[in-house]
Amino acid sequence: MITKQDIVQSVPQKGFFGHPKGLLSLFFTEFWERFSYYGMRAILLYYMYYELNQGGLNLEQSTANSIMAVYGSLVYMSGIIGGWIADRLFGTTKTVFYGGIAIMLGHAVLALPGGLTTLFISMALIIIGTGLLKPNISSIVGDLYSDNDVRRDSGFSIFYMGINMGAFLAPLIVGTIGLNYNFHLGFGLAAIGMFFGLVVFMVTKKKYLGLAGSYVPNPLAKEDRKKVFSRIFIGFAIVLLIGYFLIQQGIMTIDLFTMIVSILGIVIPTIFFIVMYRSSKTNADEKSRVLAYIPLFISAMVFWAIAEQGSIILAQYADQRTDLTIGSWEISPAWFQSLNPLFIIAFAPLFAWLWVRLGERQPSTPKKFALGLFFAGTSFLVMIIPAYLNGTDTLVSPYWLVLSFFLVVMGELLLSPVGLSATTKLAPGAFAAQTMSLWFLTSAAAQAINAQVVKLYNPETEIMYFGVIGAIAIVLALVLFLSAPIIQRYMRGVR
């Protein structure tokens, strides 16, 4: 049986800024995958609610907002499937490759002219593909390091910077092409980006990744595979038939579907925690760490409920409430989506250096989460100011959006890469890839809730909307900070 030590020894441990060479392969693979995803996301909302003569689908804005939230939720919810497939069938490396293929096909479908049917087919492919790829490529990063390697958090920060380099360029390129020329041409560029990601991964994985991601930690017995595949196929067919019938009868509306997803966003992670905790494969120390993970999960969920509205409510705000003229230069509303990754690129190296510099003196994981959540809450509270000063019927300076994105990024750098690292360390051995899927369920749950919350936003409720959500985040941050010593004890030695 392949051990963690075997995997680490198979990977060249130096060569990429003092980190394993495999980080280079994963860095650029994720760069192109995020280019494709964030490029598509930068123009998707506008594509849905812009009028037909502007090349859009002319959906109601509240409907478009809910679809964006549900789409984001399902993208990360599908990580459960990706984690299970990696843990029981293929291992993480093969699962990442198959996911990249599905994502590329999804963007290619969206590049074709069509209506809502084409849109939903594309979304389905990208949802499945991202579920296969996203949690598993992060899990491979964890495989590159031993459990006590002090470079671990720094490595995840560097990997996170690669993610955001792709995310920074995508709205500038795809957003400009999509809004100024043609939406479908923009979506086509996203497909090309994913293609490059697959090429980089296949060319470099054998040389740089060694055994990382090549083994199946909890393989399904051969005699059980046929039975499991049959059940999956039958279940999938039944869901399709029921869905088709309900749509034809007018029962399954977009509003009902978003409500179902919102409920699943809470129920699925709850079941997930129960299964991991009660499993006979989870020992006493791992059970304690699962309990410690629960408050971190809830905090991350609230954080992402704010951060993910950057591509929904703040995107709408950029399009309709923001003065897009700076001197004689007119900026695109899609470009604001580059602010988040731009700030991460600028400050991620600083945070990576800081954690290495502080070593054992750095704040505990729960305290980092609390600080991150505090910044997220503040990013919404500042959006009250322009509405309070000038009302909601005038255009505001774009610098308010810049400030809001900056504050949430400070929170993201405290919470997200640290959360990725903590997940790999707190995960029960038998649920390694699936626990990484659970981390991405923080975003799935957040956006499932957002599917209902974003309906409450309009100019009349703007101050209340930003104020209440921001205040909830800050109060929770304070509670988490005060509870940090208790949570740390339950982590059983994991920093």
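All values derive from a computational prediction rather than experimental measurement. (Residues numbered from 1 in each chain as written. Predicted model: local features only at pLDDT ≥ 70, side-chain atom pairs only at ≥ 80, totals over all residues. Heavy atoms only, no water.)

## Describing the overall build of the protein chain
Inference 1: Looking only at helices and strands, the protein chain has 18 helices and 2 strands in total.
Inference 2: When the backbone C-alpha atoms are referred to their principal axes, the protein chain occupies close to 65 × 50 × 40 Å.
Inference 3: Taking all 495 residues of the protein chain together, 55% fall into the buried category.
Inference 4: For the protein chain, the proportion of contacts with a sequence separation of at least 24, taken over those separated by at least 6, is 83%.
Inference 5: Carbon and sulfur atoms provide 69% of the accessible area of the protein chain, an area that totals close to 20,800 Å².
Inference 6: Computed over 32 positive and 24 negative side-chain charges, the separation of the two mean positions in the protein chain equals 14 Å. (Helix = DSSP H or I, 4+ residues; strand = E, 2+ residues; numbered from the N terminus. Buried < 20%, exposed > 50% of the residue type's maximum accessible area, 1.4 Å probe, protein only. Contact = heavy atoms within 4.5 Å. Areas by Shrake-Rupley, 256 points an atom, 1.4 Å probe, with all protein chains shown as cover. Lys, Arg positive; Asp, Glu negative; His and termini not counted. Charge placed at Lys NZ, Arg CZ, Asp CG, Glu CD.)

## Concerning unusual backbone geometry
Inference 1: The phi torsion at N58 lies on the positive side, around 60°, for a residue other than glycine.
Inference 2: By secondary structure assignment, the location of N58 is in the loop between α2 (22-49) and α3 (61-77).
Inference 3: Among the residues examined, N58 registers a relative accessible area of 45% and is labelled partly exposed.

## Points about helix α6 (residues 116-143)
Inference 1: The end-to-end C-alpha distance of α6, which contains 28 residues, comes to 41 Å, matching closely the 40 Å that a straight helix rising 1.5 Å per residue would cover.
Inference 2: A maximum bend of about 30° is found in α6 at T130.
Inference 3: Buried residues dominate α6, accounting for 21 of its 28 residues. (Expected span 1.5 Å × (residues − 1). Bend = angle between axes of the 7 residues up to and from the residue.)

## Overview of the pattern of salt bridges
Inference 1: By the definition in use, this model includes 5 salt bridges.
Inference 2: Among the salt bridges present, the one from E30 reaches K134, with a minimum N-O distance of 2.5 Å. Taken as a pair, E30 in helix α2 and K134 in helix α6 lie far apart in primary sequence, 104 residues in all. In this pair, the class of E30 matches that of K134, namely buried.
Inference 3: Two residues, E308 and R41, come together in a salt bridge whose shortest N-O distance is 2.8 Å. Of the two residues, E308 is situated in the loop between α11 (284-307) and α12 (313-320) and R41 in helix α2; the sequence distance between them amounts to 267 residues. Taken individually, E308 and R41 each receive the classification buried, so the pair is uniform in this respect. (Salt bridge = Lys/Arg side-chain N within 4 Å of Asp/Glu carboxyl O.)

## A closer look at the packing of α11 against helix α16 (residues 399-426)
Inference 1: At a closest axis distance of 11 Å, the pairing of α11 and α16 adopts a crossing angle of 150°. Accordingly, the angle class assigned to the pair α11 and α16 is roughly antiparallel. Along this stretch, α11 crosses α16, giving a crossing that reads as left-handed. Contacts between α11 and α16 involve R289, Y293, L296, A300, F303, W304, I306 and A307 from the former and V408, G411, E412, L415, S416, T423 and L426 from the latter. (Axes fitted to C-alpha atoms, helices over the stretch in contact; angles between N-to-C directions. Parallel < 35°, antiparallel > 145°, perpendicular 65-115°, else oblique. Left-handed = near helix turned anticlockwise from the far one by under 90°.)

## Some points on the packing of aromatic side chains
Inference 1: The tally for this structure, following the rule as stated, stands at 27 aromatic pairs.
Inference 2: Here the aromatic rings of F90 and Y98 are separated by 5.4 Å at their centres, their planes lie at 80°, and the arrangement is edge-to-face.
Inference 3: An aromatic cluster is built from Y46, Y47, Y49, Y50, F183 and F187, whose rings are joined through pairwise contacts.
Inference 4: Over the ring of Y277 we find K287; its NZ or CZ atom is 4.9 Å from the centre of that ring. (Phe/Tyr/Trp six-rings, centres within 6.5 Å; stacked < 30°, edge-to-face > 60°. Lys NZ or Arg CZ within 6 Å of the ring centre and 35° of its normal.)

## What about helix α9 (residues 222-248)?
Inference 1: Here α9 spans 40 Å end to end across 27 residues, near enough to the 39 Å set by a 1.5 Å rise per residue.
Inference 2: A positive phi of about 80° marks G250, the residue just after α9.

## Re a nonpolar patch on the surface
Inference 1: Judged by side-chain polarity, I192, F195, F196, V199 and V203 come together as a nonpolar surface patch covering roughly 460 Å² of accessible area.
Inference 2: Note that F195 resides in helix α8 (residues 183-208). (Patch = residues over 30% accessible without salt bridge, like charges linked within 9 Å, V, L, I, M, F, W, Y side chains within 5 Å.)

## Some details on the side chain of T423
Inference 1: Among the secondary structure elements, T423 is positioned in helix α16.
Inference 2: Here the side chain of T423 touches Y293 through a polar contact of 2.7 Å, side chain to side chain. (Polar contact = N/O pair within 3.5 Å; in protein donor to acceptor, adjacent residues only side chain to side chain.)

## Quick word on the nonpolar core
Inference 1: Counting 135 residues, the largest nonpolar core has L26, M40, L44, M48, Y71, W304 and W439 as its most contacted members.
Inference 2: At 15 residues, α2 tops the list of elements feeding residues into this core.
Inference 3: When sequence neighbours within four positions are dropped, the list of residues in contact with W304 reads Y160, E412, L415, S416, W439, T442, S443, A446 and N450.
Inference 4: L89, L132, L220 and V228 belong to the second largest nonpolar core, which has 5 residues in total. (Core = buried A, V, L, I, M, F, W, Y, C linked by side-chain atoms within 4.5 Å.)

## Focus: the packing of α11 against helix α14 (residues 365-381)
Inference 1: Contact pair α11 / α14: the axes reach a minimum separation of 9 Å and the direction vectors enclose 25°. Judged by the angle between their axes, α11 and α14 are roughly parallel. Considering how the two elements wind past one another, α11 and α14 form a crossing that is left-handed. When α11 is examined against α14, the residues L296, S299, A300, V302, F303 and I306 are found in contact with a partner set consisting of T365, P366, F369, G372, L373, A376, G377, S379 and F380.
Inference 2: Looking at the contact of α11 with α14 residue by residue, the class counts come to 10 nonpolar, 5 polar and no charged. (Nonpolar A, V, L, I, M, F, W, Y, C, P; charged D, E, K, R; others polar.)

## A short note on the side chain of T29
Inference 1: Following the sequence through the fold, T29 ends up in helix α2.
Inference 2: Within the structure, the side chain of T29 is placed 2.8 Å from the backbone oxygen of S25, a separation counted as a polar contact.
Inference 3: Contact partners of T29, with chain neighbours within four places excluded, come to I137, G197, V200 and F201.

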